Amino acid sequence: MVIGVIGGSGLYEMEGLTGIREVKLQTPFGEPSDAYITGSLGGIEMVFLPRHGRGHRFLPTEVNYRANIYGMKKLRVDRIISVSAVGSMREEIEPGHIVVPDQFYDLTKHRKSTFFGEGVVAHVGFADPVCHDLFGVLADAGGKAGATVHKGGTYICMEGPQFSTRTESRIYRKWGVDVIGMTNATEAKLAREAEMCYATLALSTDYDCWHESEEDVTVEAVIAVLMKNVETAKKIIKEAVTMMPAKKGCRCSEALKNAIMTKPELIPDKTKKDLELIIGKYISA
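What comes next is a walk through the structure. (Residues numbered from 1 in each chain as written. Predicted model: local features only at pLDDT ≥ 70, side-chain atom pairs only at ≥ 80, totals over all residues. Heavy atoms only, no water.)

On to the environment of threonine 167, then. Position of threonine 167 among the secondary structure elements: in helix H3 (residues 166-174). Sequence separation between threonine 167 and tryptophan 210 is 43 residues; the distance between their C-alpha atoms is 8.0 Å. (Helix = DSSP H or I, 4+ residues; strand = E, 2+ residues; numbered from the N terminus.)

Written out as structure tokens, the structure reads:
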């Protein structure tokens, strides 16, 4: 079992992490956001990656999601915990609360969210986009860590980098979504194609701009709450690691079974080679 964590800078600085080293990788899809930080926490192998690069250098749309997930796969990660700042779309989800969503609504338009193409077609099931087992572990770990956790909900993923207009925010509320962010739907799609378990720790930092009695969202306000939430996220991850069952009970590792539509002999050799890590157990290079 190797657990991957994708989030902001600083998450690899967890107390108790031993054997820390940096690993730089190249992938068929370009460079990941940064070097991966590997180590061990309570005897469990961990891999950390700052999604936007150290120093927060990449816009949500500029993040090389394919390279990031491919790199996790290359480092033998089989379960990904994504830590993400979000805006709350519900009164009861207060800034500082944690949400473990179980659904996504993807509004993005300008990013690569599949490993496929270039001569090979696959359609994975995505009705339930979050690993149910990992979802349950994170929700339970949040309670043990003393956080206020909302179990379940819909994360609407917008393109960004601008925050919502007031009208957009009010419309999303009418749609019944729970939190809003700019990254996790893309990661979840790629993790499913790579047959990796994926779940999100969504850290509520603000009420977006729909809330009439609260000030409109600002970067300064988001960062202030986020710094507090990062410490909570570290506690939750530590709890989750101790609770993670060694044997999977989900079917995430079979997501591509019967999903590849293209006849093997028609797939270009370069595409087979580039995707060997993803499709190799079904189609040989």
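Structure shown, so let's carry the discussion forward.
Locating threonine 205 in the fold gives a position in strand E11 (residues 197-206). Taking the relative accessible area as the measure of exposure, threonine 205 reaches 3% and is therefore buried. A polar contact is formed between the side chain of threonine 205 and the side chain of aspartate 206, at a distance of 2.6 Å. (Buried < 20%, exposed > 50% of the residue type's maximum accessible area, 1.4 Å probe, protein only. Polar contact = N/O pair within 3.5 Å; in protein donor to acceptor, adjacent residues only side chain to side chain.)

A few words now on the nonpolar core. Met46 and Phe115 are the most contacted members of the largest nonpolar core, which has 81 residues in total. Element by element, the count of residues in this core is highest for helix H5 (residues 219-243), at seven residues. If sequence neighbours within four positions are ignored, methionine 46 has contacts with Ile3, Val5, Leu17, Ile37, Thr38, Gly39, Leu41, Ile237 and Val241. Formed by ten residues, the second largest nonpolar core is a distinct cluster that contains Met89, Ile156, Tyr172 and Met182. (Core = buried A, V, L, I, M, F, W, Y, C linked by side-chain atoms within 4.5 Å. Contact = heavy atoms within 4.5 Å.)

Now for the side chain of serine 82. Mapped onto the elements, serine 82 comes out in strand E5 (residues 79-88). A relative accessible area of 0% means that serine 82 is categorised as buried. Of the polar contacts made by the side chain of serine 82, one reaches the side chain of glutamate 187; its length is 2.9 Å. Filtering out sequence-adjacent residues up to four positions away, serine 82 remains in contact with Ile6, Arg51, Asn184, Glu187, Tyr198, Ala199, Thr200 and Leu201.

Another point: a nonpolar patch on the surface. Taken together, the side chains of Tyr105, Ile171 and Trp175 present a nonpolar region at the surface, about 310 Å² in accessible area. When you line up the elements, isoleucine 171 lands in helix H3. On the basis of relative accessibility, which here comes to 37%, the residue isoleucine 171 falls in the partly exposed class. (Patch = residues over 30% accessible without salt bridge, like charges linked within 9 Å, V, L, I, M, F, W, Y side chains within 5 Å. Areas by Shrake-Rupley, 256 points an atom, 1.4 Å probe, with all protein chains shown as cover. Salt bridge = Lys/Arg side-chain N within 4 Å of Asp/Glu carboxyl O.)

The subject of this paragraph is the pattern of salt bridges. Counted by the stated rule, this structure contains 14 salt bridges. Linking glutamate 187 and arginine 51 is a salt bridge whose minimum nitrogen-to-oxygen distance equals 2.6 Å. Of this pair, glutamate 187 sits in helix H4 (residues 184-193) while arginine 51 sits in the loop between strand E4 (44-50) and helix H1 (65-74), and the two are 136 residues apart along the sequence. According to the relative accessible area criterion, glutamate 187 is buried, its value standing at 1%. Arginine 251 is paired through a salt bridge with glutamate 254; the nearest N and O atoms lie 3.5 Å apart. Assessed through its relative accessible area of 64%, arginine 251 is described here as exposed. For glutamate 254, a relative accessible area of 36% corresponds to the partly exposed category. If you follow the salt bridges from partner to partner, you end up with Glu22, Asp34, Arg54 and Arg57 in one network.

Here we come to the packing of aromatic side chains. A ring pair, where both rings are aromatic, is described by two values, the distance of the centres and the angle of the planes. In total, this model carries five aromatic pairs according to the counting rule given. Here the aromatic rings of phenylalanine 29 and tyrosine 70 are separated by 5.7 Å at their centres, their planes lie at 65°, and the arrangement is edge-to-face. Within this pair, whereas phenylalanine 29 is found in the loop between strand E2 (18-23) and strand E3 (36-41), its partner tyrosine 70 is found in helix H1, the two being separated by 41 residues in sequence. Among the residues examined, phenylalanine 29 registers a relative accessible area of 16% and is labelled buried. Residue classification places tyrosine 70 among the buried positions, given a relative accessible area of 8%. (Phe/Tyr/Trp six-rings, centres within 6.5 Å; stacked < 30°, edge-to-face > 60°.)

Now for the state of the cysteines. Enumeration over the complete set of coordinates arrives at zero disulfides. Free cysteine: cysteine 250, not disulfide-bonded; nearest cysteine sulfur from cysteine 197 at 3.4 Å. You can see cysteine 252 has no disulfide; the closest cysteine sulfur is in cysteine 250, sitting 3.7 Å from it. (Disulfide = S-S within 2.5 Å.)

It is worth spelling out H1 at this point. With respect to burial, H1 is a largely interior element, nine of its ten residues being buried. Looking one or two places after H1, you find arginine 76, whose phi comes out positive at around 70°.

Right, let's get into the packing of H1 against H4. For any two helices packed against each other, one specifies the inter-axial angle together with the distance between the axes. Two numbers describe how H1 lies on H4: the axes approach to 10 Å, and their chain directions differ by 45°. Classified by the angle between their axes, H1 and H4 sit oblique to one another. Relative to H4, H1 is oriented so that their crossing is right-handed. Along its contact with H1, which presents Tyr65, Arg66 and Ile69, the element H4 presents Thr186, Glu187, Leu190 and Ala191. Among the residues making up the contact of H1 with H4, the classes are represented as four nonpolar, one polar and two charged. (Axes fitted to C-alpha atoms, helices over the stretch in contact; angles between N-to-C directions. Parallel < 35°, antiparallel > 145°, perpendicular 65-115°, else oblique. Left-handed = near helix turned anticlockwise from the far one by under 90°. Nonpolar A, V, L, I, M, F, W, Y, C, P; charged D, E, K, R; others polar.)

Keep in mind that these numbers describe shape and distance, not what the molecule does.
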